[in-house]
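What the coordinates show
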Amino acid sequence: MVKVMFMGTPMFAKRILEQLYLEENAEVIAVVTQPDQPVGRKQVMTPPEVKVLAQQHNTPVYQPVKLRKEYGELLSLGADMIITCAYGQIVPNEVLNCVPLGAFNLHASLLPKLRGGAPIQRAIMNGMMKTGMTLMKMSSRMDAGDMIAKSEVEIEQSDDYGTLEEKLMDSGVKLLHEWFDRLCAKDYTAEPQKEEEATFAPIIRPEEEKITFTGNYRDVYNHIRGLLPRPGVYAKVEDRKLKFWHVSVSEMTTDRPDGEILPFIGGNLCVALAGRVLVFEEVQYEGKKRCAARDFKNGVGRTLVGKRFY
RNA sequence: CGCGAGGUAGAGCAGUCUGGUUAGCUCGUCGGGCUCAUAACCCGGAGGUCGUUGGUUCAAAUCCUCCCCUCGCAA
């Protein structure tokens, strides 16, 4: 049995950890994850998904606030290998070097493209046609380690962040399963990344959640679906926010100005952009619950036809 | 006490500021009609303790008070 220390935090990491528990040759001896965070309006302290799963398996959980300074404990656990996925902190070299079989990371892009914290969202927002998972050795620089294996995932025009993330999680789980035993046996080669081809996927900034209905309709469409269903996007009209929880592009054309709210079609909210029509099926008006565009139309929505988003 | 919005038929809203005829609109639903046909149209019906408590008043959805809940922002 190979003693594995897992490091990860959100849902994506949880799925990888699940697979580790299923691996016959793996014994998860420790899980390192981010501290519990206050969540929502009520600021309820909520544990990371990974922590919940680890506790169900009675695995010791470590939640250092600053791993850079609080890693002493981890060095003496006797782990053979480290697997990380979306942990959220830089792992110090002392930790990476304390395991004989090495430290590996699963990253949700085809490296060296899209290094960083939001590779899935950026892949869609950039209009890319494919992305994937990369299994790599960890290095001191974020997502810059030598690459061991990749699996590609097509990006469909209808994918949003949620559906693509799901595909990538499946892909990542499969990749880990295929390679885990070989990692244990040191039966792999690691190819350095071509630095000159590296691109970056910085985490989503709050202001990116506001959409501006200008420019190419496809860019805006990609931008929106890259941020759905989380964190969501909005535009302003009549001095209030309108959040969009769904988007598609209509075949129709229009001569209305960018950002104008067109008459509802089939109960859906339609917005003009660059001669084309963006269609929203589910929305949320500021101060209100999210609801089908059809319901929105029956109330506030119908008073907004002809108005423009800004 | 972080800031703000709101709780009115199954749904989304108006009405509240300037209390007072049968609480209205857009949908849905049920029944009927029209059409080659429709996310179309016409006619008719059912469905509401106006979030909860107490108060002011001849009279409260509307004014005052308590509480509960929802949502946006900030964190």
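Residues numbered from 1 in each chain as written. Chains lettered and ligands numbered in written order. Predicted model: local features only at pLDDT ≥ 70, side-chain atom pairs only at ≥ 80, totals over all residues. Heavy atoms only, no water.

Focus on the packing of helix H1 (residues 11-22) against helix H2 (residues 49-56)
Contact geometry of H1 with H2 gives a least axis separation of 8 Å together with a crossing angle of 25°. Here H1 is positioned roughly parallel relative to H2, judged by the angle of their axes. Together, Met-11, Ala-13, Lys-14, Leu-17, Glu-18 and Tyr-21 of H1 and Glu-49, Val-50, Leu-53 and Ala-54 of H2 make up the contact between the two elements. Of the residues contributing to the contact of H1 with H2, the split by class is seven nonpolar, no polar and three charged. (Axes fitted to C-alpha atoms, helices over the stretch in contact; angles between N-to-C directions. Helix = DSSP H or I, 4+ residues; strand = E, 2+ residues; numbered from the N terminus. Parallel < 35°, antiparallel > 145°, perpendicular 65-115°, else oblique. Contact = heavy atoms within 4.5 Å. Nonpolar A, V, L, I, M, F, W, Y, C, P; charged D, E, K, R; others polar.)

Things to note about the protein's contact with RNA strand B
Taken together, 17 residues sit near RNA strand B, with Arg-41, Gln-43, Asp-295, Asn-298 and Arg-302 positioned nearest. Restricting attention to atoms of RNA strand B within 4 Å of the protein, one finds that 62% of them are sugar or phosphate atoms. Note that a sugar or linking oxygen of RNA strand B is positioned 2.7 Å from one of the side-chain N or O atoms of Arg-302. Among the elements of the structure, strand S11 (240-244) and helix H8 (293-298) are those that each provide at least two residues to the surface near RNA strand B. (Near = heavy atom within 4 Å. Polar contact = N/O pair within 3.5 Å; in protein donor to acceptor, adjacent residues only side chain to side chain.)

Some remarks on the confidence of the model for chain A
Across chain A, pLDDT averages 94, with 100% of residues at or above 70. The ipTM value of the predicted complex is 0.87, and its pTM value is 0.91. (pLDDT = per-residue confidence, 0-100.)

Focus: the pairing of strand S7 (residues 103-107)
Burial of S7 is extensive: five of the five residues sit out of reach of the surface. What you see with S7 is no split at all: Ala-103, Asn-105 and His-107 on one side and Phe-104 and Leu-106 on the other are buried throughout. Sheet analysis places strand S6 (residues 81-85) next to S7, joined by three bridges and oriented parallel. Looking at the pairing, Ile-82 lines up with Ala-103 of S7. In the sheet, S7 pairs with strand S8 (residues 130-137) via four bridges, with the strands oriented antiparallel. The partner of Phe-104 across the bridge, within S8, is Lys-137. (Buried < 20%, exposed > 50% of the residue type's maximum accessible area, 1.4 Å probe, protein only. Pairing = 2+ DSSP bridges.)

Side note on the domain arrangement of chain A
Looking at the assigned domains, one finds that chain A contains domain 1 (2-197) and domain 2 (206-304). Computed from C-alpha coordinates alone, the two centres of domain 1 and domain 2 are separated by 35 Å. At the interface, 13 residues of domain 1 touch eleven residues of domain 2. Between domain 1 and domain 2, roughly 1000 Å² of surface is buried when both sides are summed, and carbon and sulfur atoms account for 44% of that area. Summed over the three residues of domain 1 that lose the most area to domain 2, namely Met-125, Gln-157 and Tyr-161, the buried surface amounts to 51% of that side. At the junction of domain 1 with domain 2, the criterion picks out two salt bridges. Across the pair Arg-122 and Glu-208 runs a salt bridge, and its minimum N-O distance is 2.8 Å. Our enumeration of links across domain 1 and domain 2 arrives at ten residue pairs in polar contact (both at pLDDT 80 or more). Residue assignment for the side of domain 1 that touches domain 2 shows that the elements contributing at least two residues are helix H5 (119-125) and helix H6 (161-184). Of all the elements, H5 adds the most residues to the side of domain 1 that touches domain 2, at four residues. Looking at the side of domain 1 that touches domain 2 residue by residue, the class counts come to three nonpolar, five polar and five charged. (Domains from an automatic or database assignment. Buried area = accessible area lost by both parts, 1.4 Å probe. Salt bridge = Lys/Arg side-chain N within 4 Å of Asp/Glu carboxyl O.)

What about the nonpolar core?
If you look at the biggest cluster of nonpolar residues, it comprises 44 residues, and the most contacted ones within it are Phe-6, Phe-12, Leu-20, Met-81, Ile-83 and Leu-135. For this core, the element with the highest residue contribution is H6, accounting for eleven residues. Every residue in contact with Leu-135, bar those within four places of it in the chain, is listed here: Phe-104, Asn-105, Leu-106, Met-147, Ile-148, Ala-149, Leu-175, Trp-179 and Leu-183. By size, the runner-up hydrophobic cluster in this structure holds 31 residues, among which are Tyr-221, Ile-224, Leu-228 and Trp-245. (Core = buried A, V, L, I, M, F, W, Y, C linked by side-chain atoms within 4.5 Å.)

With respect to unusual backbone geometry
Pro-112 follows Leu-111 through a cis peptide bond whose omega is 10°. Within the secondary structure, Pro-112 is located in the loop between S7 and H5. Phi at Asn-58 is positive, roughly 55°, even though this residue is not glycine. Position of Asn-58 relative to the elements: it lies in the loop between H2 and strand S5 (61-62). Taking relative accessible area as the criterion, Asn-58 reaches 70% and is therefore assigned exposed. For Ala-274, which is not glycine, the phi torsion reads 50° and is therefore positive. With respect to the secondary-structure elements, Ala-274 resides in the loop between strand S14 (268-273) and strand S15 (276-280).

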